[in-house]
Amino acid sequence: MIMTLTTTRISPDWPCQVKTPGSYDWERSAAKWLRELVPARYASYPALLRHPVLLARHAQLQVQQEVRVARTALQTARADLPRLGLPESVIEHTIKLYAAEVMQLQHIARSVRAVTQALVEQSQGR
């Protein structure tokens, strides 16, 4: 069986857990990865299971919200954490943790956008 591959370019942000667009079972690998990004209760909704593009949209919203939360935590840490009685070393470690989390979530957001675009192109090509 010969499969035609789409012309979607794989970006550097393409998640390694998702197969190349157009390859065998790539949409299933995309849906599996996207389900890991949303709360478990959403991952079982029939509409999200049947429509990977809808799941991708929800994952984009979820990750965007997580970026906002991590940024807020980072921006308010220096003012809020001392009031909780935390030692300076813990506060500094926490700030570094939040900064790393923001960077990681931004990378995930770019990955979700790349997968979403490939899924949209795939669905429009049908």
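So, how was this worked out
- Each chain has its residues counted from 1, running along the sequence as written.
- Only residues with pLDDT of at least 70 get local features here, since the model is predicted, and only at 80 or more are side-chain atom pairs given and counted; chain-wide, interface and lining totals rely on the full set of residues.
- Side-chain measures were taken over the full set of non-hydrogen atoms in the model, leaving aside hydrogen atoms and water.
- In this text, helices come from DSSP runs of H or I with a minimum length of four residues, and strands from runs of E with a minimum of two, each type numbered from the N-terminal end.
- For a compact globule the rule gives 2.2 Å times the number of residues to the power 0.38, and the radius of gyration it is set against comes from C-alpha atoms.
- Buried means the residue's accessible area, taken with a 1.4 Å probe over protein chains only, is under 20% of the maximum for its type, while exposed means over 50%, and partly exposed covers the values in between.
- We call two residues contacting when some pair of their heavy atoms lies within 4.5 Å.
- Residue-level accessible areas treat just the shown protein chains as cover; the underlying method is Shrake-Rupley with a 1.4 Å probe.
- All axes here are fitted lines through C-alpha atoms, helices being fitted over the stretch that makes contact, and every angle between N-to-C directions spans 0 to 180 degrees.
- Left-handed describes a crossing whose near helix is turned anticlockwise from the far helix by less than a right angle; the clockwise case is right-handed.
- Each residue is assigned to one class: nonpolar for Ala, Val, Leu, Ile, Met, Phe, Trp, Tyr, Cys and Pro, charged for Asp, Glu, Lys and Arg, and polar for all the others, Gly among them.
- The working definition used for a salt bridge is a side-chain nitrogen of Lys or Arg within 4 Å of a carboxyl oxygen of Asp or Glu.
- In this scheme Phe, Tyr and Trp rings, the latter by its six-membered ring, pair at centre separations within 6.5 Å, and the angle between planes marks the pair as stacked below 30 degrees, edge-to-face above 60, and tilted otherwise.

Moving on, we come to the overall build of the chain. A tally of regular secondary structure across the chain gives 5 helices and 0 strands. The helix and strand sequence of the chain, counted from the amino end, reads α-α-α-α-α. Taken over the C-alpha trace, the chain has a radius of gyration of 18 Å; the compact-globule value for 126 residues is 14 Å, which it surpasses by more than 25%. Projected onto its principal axes, the C-alpha coordinates of the chain cover approximately 65 × 30 × 20 Å. Considering the chain as a whole, with its 126 residues, one finds that 34% of them fall into the buried category. Across the chain, every contact between residues at least 6 apart in sequence was considered, and the portion connecting residues at least 24 apart equals 56%. As displayed, the chain offers around 8300 Å² of accessible surface, 57% of which is attributable to carbon and sulfur atoms.

Packing of helix 1 (residues 26-35) against helix 5 (residues 88-124) brings their axes to within 11 Å, and their N-to-C directions diverge by 145 degrees. Considering how the two elements wind past one another, helix 1 and helix 5 form a crossing that is left-handed. Only Ile-108, Ser-111, Val-112, Val-115, Ala-118, Leu-119 and Gln-122 of helix 5 make contact with helix 1, whose side of the interface consists of Trp-26, Glu-27, Ala-30, Trp-33 and Leu-34. The class makeup of the residues in the contact of helix 1 with helix 5 is 9 nonpolar, 2 polar and 1 charged.

Moving on, we come to the side chain of Ser-111. Following the sequence through the fold, Ser-111 ends up in helix 5. What makes Ser-111 buried here is its relative accessible area of 2%.

What follows is about the pattern of salt bridges. In this structure the tally under the stated criterion is 5 salt bridges. For the salt bridge of Glu-92 with Arg-78, the shortest nitrogen-to-oxygen distance reads 2.5 Å. On the criterion of sequence distance, the pair formed by Glu-92 in helix 5 and Arg-78 in helix 4 (residues 52-80) is long-range, its members being 14 residues apart. For Arg-78, a relative accessible area of 48% puts it in the partly exposed group. The partner of Arg-83 in a salt bridge is Asp-80, with the nearest N and O atoms 2.6 Å apart. Given a relative accessible area of 64%, Arg-83 falls into the exposed group. With a relative accessible area of 34%, Asp-80 lands in the partly exposed category. When salt bridges that share partners are traced, they join Arg-78, Glu-88 and Glu-92 into one network.

A few words now on unusual backbone geometry. If you check the backbone angles, Asp-25 has positive phi at about 65 degrees while not being a glycine. With respect to the element layout, Asp-25 can be found in the segment before helix 1. Note on Asp-25: relative accessible area 28%, which makes it partly exposed.

Once that is clear, we can look at the packing of aromatic side chains. All chains considered together, the criterion is met by 2 aromatic pairs. With 6.3 Å between their ring centres and 45 degrees between their planes, Trp-14 and Trp-26 make a pair best called tilted. On the criterion of sequence distance, the pair formed by Trp-14 in the segment before helix 1 and Trp-26 in helix 1 is long-range, its members being 12 residues apart. With respect to burial, Trp-14 and Trp-26 carry one shared label: buried. The interplanar angle of 70 degrees and the centroid separation of 5.4 Å between the aromatic rings of Tyr-42 and Tyr-45 together place this pair among those described as edge-to-face. Look at Tyr-42 and you get partly exposed, because its relative accessible area is 23%.

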